[in-house]
Amino acid sequence: MVYAHPHHQGQQKIKVLCRVRPFLAHETPDGSVQVEEDQKVLRATNLRDPEKDIRYTFDACYGDEVSQETVYNNDVKPLIENVFNGLDTTIFCYGVTGAGKTHTIQGNENEPGIIPRAFKQIFQLAHNNVSPTGDGDGGCEIKVSYYEIYKEAVFDLFKPDLTTAHTATDPSATASASATTSTTTSTVVQPSGLPIREDVNRKIFIAGLSEKVVTTYDQFISLYTTACKYRRTGSTKLNSHSSRSHAILTVQVTTTTTQGKVHLIDLAGSEDNRKTDNKGRHRMAESSAINRSLFVLGQVVEALNSGAHRIPYRDSKMTRILQDSLGGRCVGMMIVNVAPGKAFLQDTHNTLNFATKSRDVVNKPVVNEIVDQRWSVAAERLYGGGVRGGGGG
Ligand code: ADP
Ligand code: MG
């Protein structure tokens, strides 16, 4: 094939990375998942034919020896730099509970993940950004919001009173009070959350969501640490503190000439919740609502990939909110987290199949406010310039 499909012309992909976490103390190492030497391919034992492996190819594939710092420097750093050039970025961690999503995106004090590292970098860049007027921080404004999507409702993690208010409508009490046997009628009170709206420029926003201006790294960390405590968790057999919500941290960087946004997303576990032996209507309703956003995310990604006319952004809260950052003005990255070992193997194949579809998503970076050509130079440096004709036929 000589000609690239027009859809692919000059457009950029969402990068898809795979990261395999180490075996934990209570796990017995087995060879069911292996990263090939070139750090591009993951091999996982074929469940139907255990003598054989299935190979999955990624933009990068990291084994358990790869540190937080390496992941950040190799793959995240260049994306964050470009936010100062007006380029939006969405980075999300996808995988089953226990695969290492929170470790990757958030990390801990000893091994900080993407969020703290990104803010270190953002404040550094803001400080170095010399404005035409010579102001200290180049006139940069850094504004954050942090919210979660739980059962298809949006909650502000910077407004804990609202979050806890909704906890009162939670689980078993309501579920056991249910008298109906109909599976189509839910008697569980659904917390409403914040409404999603469109502004005059047809940009999506969350009405009433707080946005905090932060001026130092320490200020951000203290705000973030407090907010993290309000994330919704629920008990399942699989993991007593498994994350059942999608947590989205959004940073908006405004310089004198550009405006760029970063979404850093810790997705809810992608496991099939029917396997976690959850009983009761509430939990099942919750499972399907959680999986819906993930399911639609997969569909959106596939629709973009195939150049479909209808992209089903509106079919879930998360894809609606991210609409402007998926397929439009955005360079993106999905980090697929994988837990090693046979116990996770079916989940691993499900995860990798989802990811492999996503890998071909094509994305065109568009600057929010075109004041110079920095963004195109930046995009070219990131992904290589021009036509991606290779796989176009
Ligand atoms: P998830 O958020 O996907 O449910 P976690 O991030 O909580 O998974 O990871 C599960 C466990 O594995 C945690 O104890 C975490 O500290 C550990 N872990 C995950 N990834 C790594 C890694 N790359 N290196 C060391 N430990 C890890
Ligand atoms: Mg987690």
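Parameters and conventions
Residues numbered from 1 in each chain as written. Chains lettered and ligands numbered in written order. Predicted model: local features only at pLDDT ≥ 70, side-chain atom pairs only at ≥ 80, totals over all residues. Heavy atoms only, no water. Helix = DSSP H or I, 4+ residues; strand = E, 2+ residues; numbered from the N terminus. Contact = heavy atoms within 4.5 Å. Areas by Shrake-Rupley, 256 points an atom, 1.4 Å probe, with all protein chains shown as cover. Near = heavy atom within 4 Å. Polar contact = N/O pair within 3.5 Å; in protein donor to acceptor, adjacent residues only side chain to side chain. Nonpolar A, V, L, I, M, F, W, Y, C, P; charged D, E, K, R; others polar. Phe/Tyr/Trp six-rings, centres within 6.5 Å; stacked < 30°, edge-to-face > 60°. Buried < 20%, exposed > 50% of the residue type's maximum accessible area, 1.4 Å probe, protein only. Lys NZ or Arg CZ within 6 Å of the ring centre and 35° of its normal. Expected span 1.5 Å × (residues − 1). Arc of directions from axis to C-beta. Pairing = 2+ DSSP bridges. Axes fitted to C-alpha atoms, helices over the stretch in contact; angles between N-to-C directions. Parallel < 35°, antiparallel > 145°, perpendicular 65-115°, else oblique. Left-handed = near helix turned anticlockwise from the far one by under 90°. Core = buried A, V, L, I, M, F, W, Y, C linked by side-chain atoms within 4.5 Å. UniProt positions renumbered as here; feature names shortened; annotations may be inferred.

K.L.:
Go over the overall build of the chain with me, naming the residues and quoting the values.
P.N.:
Each helix and strand in the chain was counted, giving ten helices and 16 strands. Taking the intrachain contacts of the chain between residues at least 6 apart in sequence as the baseline, contacts between residues at least 24 apart amount to 69%. Just so you have it, the chain exposes about 18400 Å², and 50% of that area is on carbon and sulfur atoms.

K.L.:
Quick rundown of the site of ligand 1? Include the residues and the values.
P.N.:
In the vicinity of ligand 1, the residues found are Arg19, Arg21, Pro22, Leu24, Val96, Thr97, Gly98, Ala99, Gly100, Lys101, Thr102 and His103. Contact distances for ligand 1 include 2.7 Å between an oxygen atom and a backbone N or O atom of glycine 98. The backbone of histidine 103 places a nitrogen or oxygen atom 2.7 Å from an oxygen atom of ligand 1. Against a free-state accessible area of 550 Å², the protein chains account for coverage of 72% of ligand 1. For the shell around ligand 1, the residue count by class is four nonpolar, five polar and three charged.

K.L.:
Describe the packing of aromatic side chains, listing the residues and the values that go with them.
P.N.:
Tallying each qualifying case throughout the model produces six aromatic pairs. The interplanar angle of 45° and the centroid separation of 5.3 Å between the aromatic rings of tyrosine 146 and tyrosine 224 together place this pair among those described as tilted. Taken together, the positions of tyrosine 146 in strand β8 (residues 141-150) and tyrosine 224 in helix α6 (residues 217-228) put the pair 78 residues apart, joining distant regions of the chain. Judged on exposure class, the residue tyrosine 146 and its partner tyrosine 224 are both buried. These aromatic residues form a ring-pair network of at least three members: Phe119, Phe123, Tyr146, Phe158, Phe220 and Tyr224. Sitting over the ring of tyrosine 217, lysine 120 keeps its end group 4.3 Å from the ring centre.

K.L.:
Go over unusual backbone geometry, please, and point to the residues and values.
P.N.:
Despite not being glycine, lysine 151 shows a phi value in the positive range, around 50°. Looking at lysine 151, the relative accessible area reads 6%, which means it is buried.

K.L.:
A description of α6 should follow, citing residues and the corresponding values.
P.N.:
With twelve residues, α6 should reach 16 Å at 1.5 Å per residue; the first-to-last C-alpha distance of 16 Å fits that figure. All of the buried residues in α6 are Phe220, Tyr224, Ala227 and Cys228. Down the axis, α6 shows its buried residues gathered within 95° of arc, on one side only. Where the residues of α6 are buried, they touch α3 (114-128), β8 and β13 (246-254).

K.L.:
Outline the sheet that holds strand β5 (residues 53-57), supporting the account with residue identities and numerical values.
P.N.:
On the basis of which strands lie adjacent, the open sheet formed by three strands has the order β3-β4-β5 and antiparallel pairing. Each edge of the open sheet carries a strand with a single partner, namely β3 (33-35) and β5. Direction aside, the axes of adjacent strands within the sheet are offset by 20° on average.

K.L.:
Break down the packing of α3 against α6 for me, with residues and values.
P.N.:
With their axes 10 Å apart at the nearest point, α3 and α6 run at an angle of 155° to one another. With respect to α6, the axis of α3 lies roughly antiparallel. Judged by the sense of rotation from one axis to the other, the crossing of α3 with α6 is right-handed. Counting all contacts with α3, which are made through Ile115, Pro116, Phe119, Lys120 and Phe123, the residues of α6 involved are Tyr217, Phe220, Ile221 and Tyr224. Grouping the amino acids of the contact of α3 with α6 by side-chain chemistry returns eight nonpolar, no polar and one charged.

K.L.:
Please provide a residue-by-residue account of the nonpolar core, values included.
P.N.:
Within the largest apolar cluster, 42 residues are counted, with the highest numbers of intra-cluster contacts made by Ile91, Phe119, Ile142, Tyr146, Phe220 and Leu264. In terms of residue count, α3 provides more of this core than any other element does, seven residues in total. Isoleucine 142 has contacts with Phe119, Ile122, Phe123, Ala126, Lys212, Val213, Val214, Val251, Gln252 and Val253, leaving out every residue within four places of it along the chain. Core analysis: the second largest hydrophobic core is formed by 40 residues, Ala44, Val154, Ile196 and Tyr313 among them.

K.L.:
Tell me about the UniProt feature "binding site: ATP" (unreviewed entry) in the chain, and name the residues and values.
P.N.:
The UniProt feature table records "binding site: ATP" (unreviewed entry) at Gly95, Val96, Thr97, Gly98, Ala99, Gly100, Lys101 and Thr102. Within the secondary structure, valine 96 sits in the loop between β7 (89-94) and α2 (101-105). The class for valine 96 is buried, based on a relative accessible area of 5%. Beyond its immediate stretch of four places on either side in the chain, valine 96 contacts Lys101, Gly269, Ser270, Glu271, Phe344, Asp347 and Thr351. Residue placement: alanine 99 occurs in the loop between β7 and α2. Contact partners of alanine 99, with chain neighbours within four places excluded, come to Arg21, Asn337, Val338 and Ala339.

K.L.:
Report on the side chain of serine 245, specifying residues and quantitative values.
P.N.:
One can find serine 245 in the loop between α6 and β13. Since its relative accessible area comes to 0%, serine 245 is described here as buried. Polar side-chain contacts of serine 245 include one of 2.7 Å to the side chain of glutamate 148.

K.L.:
Please set out the packing of helix α1 (residues 68-81) against α3 residue by residue, giving values where relevant.
P.N.:
Their axes nearest at 10 Å, the elements α1 and α3 cross at an angle of 45°. Between α1 and α3, the angle falls in the class oblique. Relative to α3, α1 is oriented so that their crossing is right-handed. From α1, Gln68, Glu69, Tyr72, Val76, Lys77, Ile80 and Glu81 reach across to α3, where they touch Ile114, Arg117, Ala118, Gln121, Ile122 and Leu125. By residue class, the composition of the contact of α1 with α3 is seven nonpolar, two polar and four charged.

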